[in-house]
Amino acid sequence: APAPCRWNSGLPMNIGVLFVPQQEAWVVERMGKFHRILEPGLNFLIPLLDRIRYVQSLKEIVINVPEQSAVTLDNVTLQIDGVLYLRVMDPYKASYGVEDPEYAVTQLAQTTMRSELGKLSLDRVFRERESLNANIVDAINQASDCWGIRCLRYEIKDIHVPPRVKESMQMQVEAERRKRATVLESEGTRESAINVAEGQKQAQILASEAEKAEQINKAAGEANAMLVKARAKAEAIQLLAAALSQQHGSAAASLSVAEQYVNAFSKLAKDSNTVLLPANTGD
């Protein structure tokens, strides 16, 4: 039966002198038993006894994981496909540890993906894609260690959601946007009412302070006016007293009182029909 080949189209023939390309490992069997692994460069083998059984590529390998269906924690069926990045770390284990490493790793990636998606709800699947990829890589590395293969990373290419679920998600997004708009509008109305009330409060405070200052100024003005009148009256009395103390001051005062008496007597019977006359009008 033809020998299986790992990611190579054919096996080189043993002509005794072989040149192994860089980033490749050739597994040699001698009389049907593992002999050694040829390193890149010049190598010598014994024809007929030695046979190149496997050719392993040490480069990073990209494998497309086929689309698969998985059920989330909230019972939503998703269609998910991904890309797997591998590298052969041990050519011996990769040759004799598993029959078809590519198929084995692909199947392991699919089963691990279904298992990890069953632990998450639909909303968390979209939010935690990075952690989901990391969990899949860890699970694959734990199982593929005995195969001599290491998974470098796993990336989810696309997630297909059922049409009805997609419509529900769209409605949820629109409802969430309307909710945020309503909340923002109410907050704006509240801030506006607070600003108007604060402005009215400040206006009332300023108006009361202005009225208070006006009353204080008015009272101060009236007090100053009363003081000025009192001082003027006191000065007038002092002047009058000084004038009365001089010679003929009493006669002058009597003359002034008499003039005022005559003026008052002349106004009688002008504002009222009742007239009160003193008994000694001739005095």
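Preceding this paragraph is the structure being described.
In what follows, the accompanying structure is described. Since the model is a prediction, treat every value here as computed from it, not as a measurement. (Residues numbered from 1 in each chain as written. Predicted model: local features only at pLDDT ≥ 70, side-chain atom pairs only at ≥ 80, totals over all residues. Heavy atoms only, no water.)

## Brief notes about the overall build of the protein
- A tally of helices and strands in the protein yields six helices and eight strands.
- Secondary structure elements of the protein occur, N-terminal to C-terminal, as β-β-β-β-β-β-β-α-α-α-α-β-α-α.
- Within the protein, the proportion of its 283 residues that are buried is 25%.
- Only carbon and sulfur atoms are counted for the fraction: they give 55% of the accessible area of the protein, which is about 19600 Å². (Helix = DSSP H or I, 4+ residues; strand = E, 2+ residues; numbered from the N terminus. Buried < 20%, exposed > 50% of the residue type's maximum accessible area, 1.4 Å probe, protein only. Areas by Shrake-Rupley, 256 points an atom, 1.4 Å probe, with all protein chains shown as cover.)

## A word on the pattern of salt bridges
- For the structure shown, the criterion picks out six salt bridges.
- Arginine 153 serves as the salt-bridge partner of glutamate 60, at 3.1 Å between the closest nitrogen and oxygen. Pair noted here: glutamate 60 is in the loop between strand E5 (50–57) and strand E6 (61–71) and arginine 153 is in strand E8 (residues 149–160), with a separation of 93 residues, a long-range link.
- Residue arginine 153 is classed as partly exposed on the basis of its relative accessible area, which comes to 37%.
- In this structure, glutamate 116 engages lysine 119 in a salt bridge whose closest nitrogen and oxygen atoms are separated by 3.7 Å. (Salt bridge = Lys/Arg side-chain N within 4 Å of Asp/Glu carboxyl O.)

## Focus on the sheet that holds strand E2 (residues 24–30)
- Strand order in the open sheet formed by three strands is E3-E2-E5, with antiparallel pairing between adjacent strands. Edge strands, defined here as strands with exactly one partner in the open sheet, are strand E3 (33–38) and E5. Sheet twist, expressed as the average angle between the axes of neighbouring strands with direction ignored, equals 25°.
- Direction of pairing for E2 relative to E3: antiparallel, over a ladder of five bridges. Paired with glutamate 29 across the strands is phenylalanine 34, a residue of E3. (Pairing = 2+ DSSP bridges. Axes fitted to C-alpha atoms, helices over the stretch in contact; angles between N-to-C directions.)

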